[in-house]
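Coordinates in review
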Amino acid sequence: MVDVMGILAGRGAASLDVDYYFLEHRGGGASARLGCAAGEAATSEAGANVTAAEWPACLAEMKQKWTEEGLKQFTTTNAAHDLAAVIQATRAASQKTFVYGVSYGTYWAHRYIQVTDRPPTGLILDSMVPPDEQYLSNFERQFDPVGKRLAAMCPSQEVCRTRFPADVWQTWSSLITRQRTEPVCAGTKFEPGDLRIISAVMLQQNLLNSQIPALLARFQRCTAADVTAINTFADNLLRLLGQGLFAQADDAGKFSQGLYSNVAFGELWPNPPPTRDALAKDIAAAVIGTGGALEQADLYDTWPRYTPDSYVRQWMSTDVALLMLNGDLDVQTPVETAELYKPRYTKPGQTFVKVPNGNHGVVFQSQVGSGLA
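It should be emphasised that the depicted structure is a prediction, and the values quoted were computed from it without experimental measurement.

Some words on the state of the cysteines
Per the counting criterion, the structure on display carries three disulfides. Covalent S-S linkage joins Cys36 and Cys58, the inter-sulfur distance amounting to 1.9 Å. Measuring the twist about the S-S bond at about -95°, one finds the Cys36-Cys58 disulfide to be left-handed. Of this pair, Cys36 sits in the loop between strand E2 (17-23) and helix H1 (55-71) while Cys58 sits in helix H1, placing them 22 residues apart in sequence. Residues Cys36 and Cys58 agree in their burial class; the two are buried. Disulfide pairing is shown between Cys185 and Cys222; the S-S distance is 1.9 Å. Since a negative S-S torsion denotes a left-handed disulfide, the Cys185-Cys222 link at about 90° is right-handed. Of this pair, Cys185 sits in the loop between helix H6 (168-179) and helix H7 (194-203) while Cys222 sits in the loop between helix H9 (212-221) and helix H10 (224-242), and the two are 37 residues apart along the sequence.

Below you can see the structure in the form of structure tokens.
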């Protein structure tokens, strides 16, 4: 899953007189990173992903360094107190303060409002994680609805309509189903099952999701020229994935799979947790997906989970100005769950905006008049 965990706090009296503060979540790479030597030697520029086989040694190393009790201090609530402390230390009485959070950052900013006694002037919540509905174990269910929404746009585009006189979703589903067990277009570099996973990757990027119909059309036609084009695309996509898929160079080594797991299993996983069989059924039933939830389920029982505090699964109560943004093509934080914010926050200055064709991270993945935001 492509996920942004950063949060930005700004203070200033005018648009040209603004101080920006970027706070690293405790446990991230610019903080006291929760990492390990096991499995992190040969990693992408975007950070480290520990494999299932490497987790036992990695977790043992983290326990030795931090102790189990120490690991339990890397929580959303403690990170929210960190944010409150930074704002209090830098904020002058006459200055306005705005906090911007994207993806998990919205969950973090939400928690900040719960713990602070000096609320900010306003919050900008981009791609929202509701406190009681958006569980990471549901991820495999979230691709198909977005895929269907994207496919439904085809009839309004002349080129797409010409290539797919029948339903695009039907074609897409059929190709993925076939490609799970057999080659669909001989000579391509796509192994069985790859089209399903690549579709999931492409759906999460505005720069890629618009290319899905073209890829499907080439698979369907499968001329020699199409095979060459598909393989060129595969090479370029693998290169981007190896570089963290549009990650910035200074992101190297900052992502922490340990921090992700700590927070995920502490409060972003259902209680009681879904069984492995239930997750496997979700994966089997979905047309598009990655299957990654099974690895997380295998790790859940061995992770030293912290006990959720009283803020977990509770909605904030606030009068501060809220700008709530969510794209309707967002896989990671689906607009359906993001809209749970809408009826709860209707006071003056609190606005929910559903962004048409917006993807995860509306500020940088939405369409504007001149192109991508």
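Some remarks on the packing of H6 against H9
Two numbers describe a pair of packed helices, the interaxial angle and the distance between the axes. At a minimum axis distance of 11 Å, the contact between H6 and H9 shows a crossing angle of 60°. It follows from the interaxial angle that H6 and H9 lie oblique. Crossing of H6 against H9: the hand is left-handed. Contact with H6, carried on its side by Val168, Thr171, Trp172 and Leu175, involves Ile212, Leu216, Phe219 and Gln220 of H9 and no other residues of that element. Among the residues forming the contact of H6 with H9, the class breakdown is six nonpolar, two polar and no charged.

Considering the pattern of salt bridges
Counted under the stated rule, the structure contains 12 salt bridges. Arg111 is paired through a salt bridge with Glu267; the nearest N and O atoms lie 2.8 Å apart. One end of the pair, Arg111, is in helix H3 (residues 104-115); the other, Glu267, is in helix H11 (residues 257-267), with 156 residues separating them in the sequence. Classification of Arg111 as buried rests on a relative accessible area of 2%. Glu267 gets classed as buried once you look at its relative accessible area, which sits at 1%. Among the ionic pairs, Arg149 bridges to Glu336, the shortest N-O distance being 2.4 Å. Taken together, the positions of Arg149 in helix H4 (residues 143-151) and Glu336 in helix H14 (residues 335-338) put the pair 187 residues apart, joining distant regions of the chain. Assessed through its relative accessible area of 40%, Glu336 is described here as partly exposed. What emerges from the salt-bridge pattern is a single network uniting Arg218, Arg221 and Asp226.

Brief notes about the layout of surface pockets
A volume near 560 Å³ is recorded for the second largest pocket. Lining the second largest pocket are 25 residues, with Gln157, Asn209, Ser210, Gln211 and Pro213 sitting closest to its centre. Residue assignment for the lining of the second largest pocket shows that the elements contributing at least two residues are H4, helix H5 (158-163), H6, helix H8 (206-209) and H9. When its residues are assigned to classes, the lining of the second largest pocket shows 15 nonpolar, seven polar and three charged.

Observations concerning unusual backbone geometry
Cis geometry marks the peptide bond from Asn271 to Pro272, where omega comes out at 5°. The residue Pro272 is located in the loop between H11 and helix H12 (276-285) in this model. Notably, Arg313 is not glycine yet its phi reads approximately 70°, a positive angle. Positive phi values are uncommon outside glycine, yet Asn357 reaches one of about 65°. Note on placement: Asn357 falls in the loop between strand E6 (350-355) and strand E7 (367-368). Take Asn357: its relative accessible area is 32%, and that puts it in the partly exposed class.

Thoughts on the packing of aromatic side chains
The geometry of an aromatic ring pair is captured by two quantities: the separation of the ring centres and the angle between the planes. Scanning the entire structure with this criterion turns up 13 aromatic pairs. Relative to Tyr345, the ring of Trp315 has its centre 6.1 Å away and its plane inclined at 45°; by these criteria the two rings are tilted. Linking Trp315 in the loop between helix H13 (293-300) and strand E5 (321-327) with Tyr345 in the loop between H14 and E6, this pair joins segments that are 30 residues apart in sequence. Residue Tyr345 is classed as buried on the basis of its relative accessible area of 4%. The ring of Tyr300 has Arg305 sitting right over it, with the charged end atom 4.0 Å from the ring centre.

Considerations on H11
By the criterion of burial, H11 is predominantly enclosed, with 11 of the 11 residues buried. Each element contacted by the buried residues of H11 is listed here: H1, helix H2 (76-90), H3 and H13. The opening residue of H11, the one whose side-chain oxygen lies 3.3 Å from the backbone nitrogen of Gly258, is Ser256.

So, the confidence of the model for the protein chain
Confidence along the protein chain averages 87 in pLDDT terms, with 88% of residues attaining 70 or more. Highest mean pLDDT in the protein chain belongs to E5 (98); lowest belongs to strand E1 (residues 7-14) (43). In the model, residues 42-47 has pLDDT below 50 throughout and makes 16 contacts with residues more than four positions away in sequence or in other chains. Counting interchain partners and residues more than four positions distant, the pLDDT-below-50 stretch residues 245-250 has 10 contacts.

Structural notes on the nonpolar core
Grouped together as the largest cluster of nonpolar side chains are 54 residues, with contacts concentrated most on Met62, Tyr112, Leu123, Leu125, Leu322 and Met324. Looking at this core, the elements that each hand over two or more residues are H1, H2, H3, strand E4 (122-126), H11, H12, H13 and E5. The greatest single-element share of this core, amounting to seven residues, is contributed by H3. Ignoring anything within four residues of it in the chain, the contact list for Tyr112 reads Ala80, Leu83, Ala84, Ile87, Val99, Arg118, Pro119 and Pro120.

About the thresholds
- Residues numbered from 1 in each chain as written.
- Predicted model: local features only at pLDDT ≥ 70, side-chain atom pairs only at ≥ 80, totals over all residues.
- Heavy atoms only, no water.
- Disulfide = S-S within 2.5 Å.
- Helix = DSSP H or I, 4+ residues; strand = E, 2+ residues; numbered from the N terminus.
- Buried < 20%, exposed > 50% of the residue type's maximum accessible area, 1.4 Å probe, protein only.
- Axes fitted to C-alpha atoms, helices over the stretch in contact; angles between N-to-C directions.
- Parallel < 35°, antiparallel > 145°, perpendicular 65-115°, else oblique.
- Left-handed = near helix turned anticlockwise from the far one by under 90°.
- Contact = heavy atoms within 4.5 Å.
- Nonpolar A, V, L, I, M, F, W, Y, C, P; charged D, E, K, R; others polar.
- Salt bridge = Lys/Arg side-chain N within 4 Å of Asp/Glu carboxyl O.
- 1 Å grid on protein atoms, 1.4 Å probe; cavity = no way out; pocket = protein on both sides within 12 Å on 5 of 7 lines; lining within 4 Å.
- Points joined across faces, edges and corners; volume = space filled by probe spheres on them.
- Phe/Tyr/Trp six-rings, centres within 6.5 Å; stacked < 30°, edge-to-face > 60°.
- Lys NZ or Arg CZ within 6 Å of the ring centre and 35° of its normal.
- Polar contact = N/O pair within 3.5 Å; in protein donor to acceptor, adjacent residues only side chain to side chain.
- pLDDT = per-residue confidence, 0-100.
- Core = buried A, V, L, I, M, F, W, Y, C linked by side-chain atoms within 4.5 Å.

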